[in-house]
Amino acid sequence: MIVVAATQNKHKIAEIDAIMKPFGYKVISRAEAGVPDIEIEEDGDTFEENSLKKAMEIHKLCGEITIADDSGLMVDILDGAPGVHSSRFAGEEGNDEKNNQKLLKLLSNIPIEQRTAKFVSVITMVFSVDRVVVARGECKGHILFEPRGENGFGYDPLFVPDGYDKSFGELSSEEKNKISHRAMALQALEKQLRSLNL
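Before going into details, it helps to say that this report is about the structure given with it.

Rules of the game
Residues numbered from 1 in each chain as written. Predicted model: local features only at pLDDT ≥ 70, side-chain atom pairs only at ≥ 80, totals over all residues. Heavy atoms only, no water. Helix = DSSP H or I, 4+ residues; strand = E, 2+ residues; numbered from the N terminus. Buried < 20%, exposed > 50% of the residue type's maximum accessible area, 1.4 Å probe, protein only. Areas by Shrake-Rupley, 256 points an atom, 1.4 Å probe, with all protein chains shown as cover. Lys, Arg positive; Asp, Glu negative; His and termini not counted. Charge placed at Lys NZ, Arg CZ, Asp CG, Glu CD. Salt bridge = Lys/Arg side-chain N within 4 Å of Asp/Glu carboxyl O. Core = buried A, V, L, I, M, F, W, Y, C linked by side-chain atoms within 4.5 Å. Contact = heavy atoms within 4.5 Å. Axes fitted to C-alpha atoms, helices over the stretch in contact; angles between N-to-C directions. Parallel < 35°, antiparallel > 145°, perpendicular 65-115°, else oblique. Left-handed = near helix turned anticlockwise from the far one by under 90°. Nonpolar A, V, L, I, M, F, W, Y, C, P; charged D, E, K, R; others polar.

Next up on the list: the overall build of the chain. Looking only at helices and strands, one finds 5 helices and 6 strands in the chain. Going from N to C terminus, the chain has its helices and strands arranged as β-α-β-α-β-α-β-β-β-α-α. Within the chain, the proportion of its 198 residues that are buried is 48%. Of the roughly 10,000 Å² of accessible surface on the chain, 49% is carried by carbon and sulfur atoms. Charged side chains of the chain number 24 positive and 33 negative; the gap between the two group centres comes to 2 Å.

What follows is the structure in structure tokens.
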């Protein structure tokens, strides 16, 4: 079954596709689905609002089942920042290096035990305007003092999930896809799809 991803982030599409493949879904990009290249303003106050807006906008354009993920990093001592602003935390959309530098600067004098954080992912799947499924996943951990690892993207090199001594940037994609916030959200989504017999 074809599902159109609202995101244009190739990393996210690959991650969502890898996790959804066993459930019988093939996730394709907006370009592959022939959706016009439009910018969707993520102006919601929550991951849920942004996720729904993205999935619904793309669904209206292509008429296919769509899936959108809105995700980000929430650092406890920063009152949940960067949160919904994770990808543009330093002011420039998708500049991972600047975002990471800003985060490290804000946490420069904070000891390890107070560097707790969580990655959050909210996934919305739109089958039709009045048939929507929403799932949320979280992965708790802490923020390192410097980046470690070349894998993943975003804040992955700075985030160590609870129970591990490696950052997301050091874990293989297979390892990360089992425990990540997005994996948790997709597992929650899968349970809902099964219960709805979709």
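Alright, that's what it looks like, and here's the rest.
Turning next to the pattern of salt bridges. If charged atoms from side chains of opposite charge come close, those side chains can pair. Within the structure shown, the criterion is met by 16 salt bridges. We note a salt bridge from Lys 176 to Glu 15, for which the minimum N-O separation is 3.2 Å. Here Lys 176 is found in helix α4 (residues 173-179), whereas its partner Glu 15 is found in helix α1 (residues 10-20), with 161 residues between them in sequence. One exposure class covers both Lys 176 and Glu 15, and it is buried. Among the ionic pairs, Glu 170 bridges to Arg 148, the shortest N-O distance being 3.1 Å.

By size, the foremost hydrophobic cluster in this structure holds 20 residues, and its most contacted members are Met 20, Val 27, Ile 67, Met 125, Leu 186, Leu 189 and Leu 193. Within the residue set of this core, elements represented by two or more residues are β1 (2-5), α1, β4 (116-128), β5 (131-143) and α5 (181-195). For this core, the leading source of residues is α5, giving 5 residues. Within the second largest apolar cluster, 18 residues are counted, among which are Leu 78, Leu 107, Ile 110 and Phe 159.

Along α1, the residues that are buried comprise Lys 12, Ile 13, Glu 15, Ile 16, Asp 17, Ile 19 and Met 20. Lining the buried residues of α1 we find β1, β2 (26-28), β3 (66-75), β4, α4 and α5.

Tracing the backbone through its elements, the reader meets Lys 105 in helix α3 (residues 96-106). Look at Lys 105 and you get exposed, because its relative accessible area is 68%. Separated by 51 residues in sequence, Lys 105 and Lys 54 have C-alpha atoms that sit 31 Å apart.

With that settled, consider the packing of α1 against α5. Packing of α1 against α5 leaves a shortest axis separation of 10 Å and a crossing angle of 45°. Compared by their axis directions, α1 and α5 come out oblique. Like other packed secondary-structure pairs, α1 and α5 cross with a definite hand, here right-handed. On α5, the residues that touch Lys 12, Glu 15, Ile 16, Ile 19 and Met 20 of α1 are Arg 182, Ala 183, Leu 186 and Leu 189. Of the residues belonging to the contact of α1 with α5, the class tally is 6 nonpolar, no polar and 3 charged.

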